[in-house]
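Here's the letter readout for the chains.
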Amino acid sequence: MTLDRLPPLNAVRAFEAAARLGSYVAAAQALHVTQPAIGRHVKILEDWLGVRLLDRSPRGVSLTQEGAYYYQSASEALKMLAHAGQVVSRRVPERWLRILCVPAFASRWLTPRIGALKALRPELKIAIEPNATFTSVDARQADLAIAYGLPGELSGVHEVLIRPEVFAVCSPAFRATLPLALTVADLPGCKLIHVDSGGWWSSWFAAQGVRQCVKADTSHVSNDIVLNLAKAGHGIALATEVLVADELAAGSLVRCVAQGVPLESYQVLTPTPAPGEDALWFMAWLRENLRGDFPNAAC
């Protein structure tokens, strides 16, 4: 098609707005023109094409079969023109994906993969905010959140990702100071490192069939701190493979006992309104990679 066979642009814009918004009144408001002007432009386009594009009724307008086909192409063409104008005028708006995340997951699993993630969408900027205490996410704070918790503890749960096994770890040097035939029942008498007042260890013992109420003398809040202390030989910490896969492979951390048990799960929280396209894309990437890395932990 030559340029002299292109339809009048103003007529296309009027038709696209009317079809998208469902009425001439709404289209007129969106384009800052009068309602009769929208009607005239649509009639010009229909005459130019030789087909009827819209059917009018007291409730608004609806697309004819030909109009539905033409609307899809016209809408995409206008979007391409708008994007091209932003690019050449250097006015492409920055796109940020703001992620609220539990600290250890952010530093140990997510951050090392950001380079590979950004290679898939180079134009997308990513901001990760570590936070150890959130239970919900507000749209003013982030586009989504990655939390670790039990069912019912968290608000706005969009998806449960994985539920990994929890087990006890320490440094090889610290393990050498413990009895060779160490059991779960022996662990309460050992030096335990805590992220809370003792509740996580108590829950872990209960899930293993050991009735033991553990009280912490020091709480470090973040699993990242606790696991670094364990690696430095200061005691025994609870961990998941998500957090310590690299240390286990390198031998800087070892499992104290063979037993482990699933407790909490990693969950995606979303605010109101519904997540945008970039957030949905990231969540699909997150799900695929987490379940690919830890297939045995899938819920």
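Residues numbered from 1 in each chain as written. Predicted model: local features only at pLDDT ≥ 70, side-chain atom pairs only at ≥ 80, totals over all residues. Heavy atoms only, no water.

1. Regarding the packing of helix α5 (residues 103-110) against helix α9 (residues 223-231)
Axes are the key here: two packed helices are described by the angle between their axes and the distance separating the axes. Two elements in contact, α5 and α9, have axes whose closest approach is 7 Å; the angle formed by their N-to-C orientations is 65°. In this structure, α5 contributes Ala 104, Ser 107 and Arg 108 to the contact, and α9 contributes Asn 223, Asp 224, Leu 227 and Asn 228. When grouped by side-chain class, the residues that make up the contact of α5 with α9 number two nonpolar, three polar and two charged. (Axes fitted to C-alpha atoms, helices over the stretch in contact; angles between N-to-C directions. Helix = DSSP H or I, 4+ residues; strand = E, 2+ residues; numbered from the N terminus. Contact = heavy atoms within 4.5 Å. Nonpolar A, V, L, I, M, F, W, Y, C, P; charged D, E, K, R; others polar.)

2. Here we look at the packing of α5 against helix α11 (residues 277-293)
At a minimum axis separation of 14 Å, α5 and α11 run at an interaxial angle of 75°. Our classification of the angle between α5 and α11 gives roughly perpendicular. Along the contact surface, α5 presents Phe 105, Trp 109 and Leu 110, while α11 presents Phe 282, Trp 285, Leu 286, Asn 289, Leu 290 and Asp 293. Per-class residue counts for the contact of α5 with α11 are seven nonpolar, one polar and one charged. (Parallel < 35°, antiparallel > 145°, perpendicular 65-115°, else oblique.)

3. Re the side chain of Thr 270
Mapped onto the fold, Thr 270 is located in the loop between β10 (265-269) and α11. A relative accessible area of 13% means that Thr 270 is categorised as buried. Apart from residues lying up to four places away in sequence, Thr 270 is in contact with Val 137, Leu 144, Gly 156, His 158, Pro 275 and Met 283. (Buried < 20%, exposed > 50% of the residue type's maximum accessible area, 1.4 Å probe, protein only.)

4. Brief notes about the domain arrangement of the protein chain
If you check the domain split of the protein chain, you get domain 1 (9-89), domain 2 (96-161 + 266-293) and domain 3 (165-262). Taking only C-alpha atoms, the centre of domain 2 and the centre of domain 3 are 26 Å apart. The junction of domain 2 with domain 3 conceals about 900 Å² of combined surface from both sides, 56% of it contributed by carbon and sulfur atoms. It is Arg 108, Tyr 148 and Tyr 266 in domain 2 that bury the most area against domain 3; as a group they hold 60% of the surface buried on that side. Inspection of the domain 2/domain 3 interface yields two salt bridges. Across the salt bridge formed by Arg 108 and Asp 224, the nearest N and O atoms sit 2.8 Å from each other. Run the count over domain 2 and domain 3 and you get five residue pairs in polar contact (both at pLDDT 80 or more). When its residues are assigned to classes, the side of domain 2 that touches domain 3 shows eight nonpolar, one polar and one charged. (Domains from an automatic or database assignment. Buried area = accessible area lost by both parts, 1.4 Å probe. Salt bridge = Lys/Arg side-chain N within 4 Å of Asp/Glu carboxyl O. Polar contact = N/O pair within 3.5 Å; in protein donor to acceptor, adjacent residues only side chain to side chain.)

5. Here we look at the environment of Ala 216
Counting through the fold element by element, Ala 216 comes out in the loop between α8 (199-207) and α9. Of the residues examined, Ala 216 reaches a relative accessible area of 26% and is grouped as partly exposed. Taking C-alpha positions, Ala 216 is 8.8 Å from Val 195, a pair spaced 21 residues apart along the chain. Among all residues touching Ala 216, those that are not within four sequence positions of it are His 194, Asp 196, Ser 197 and Gly 198.

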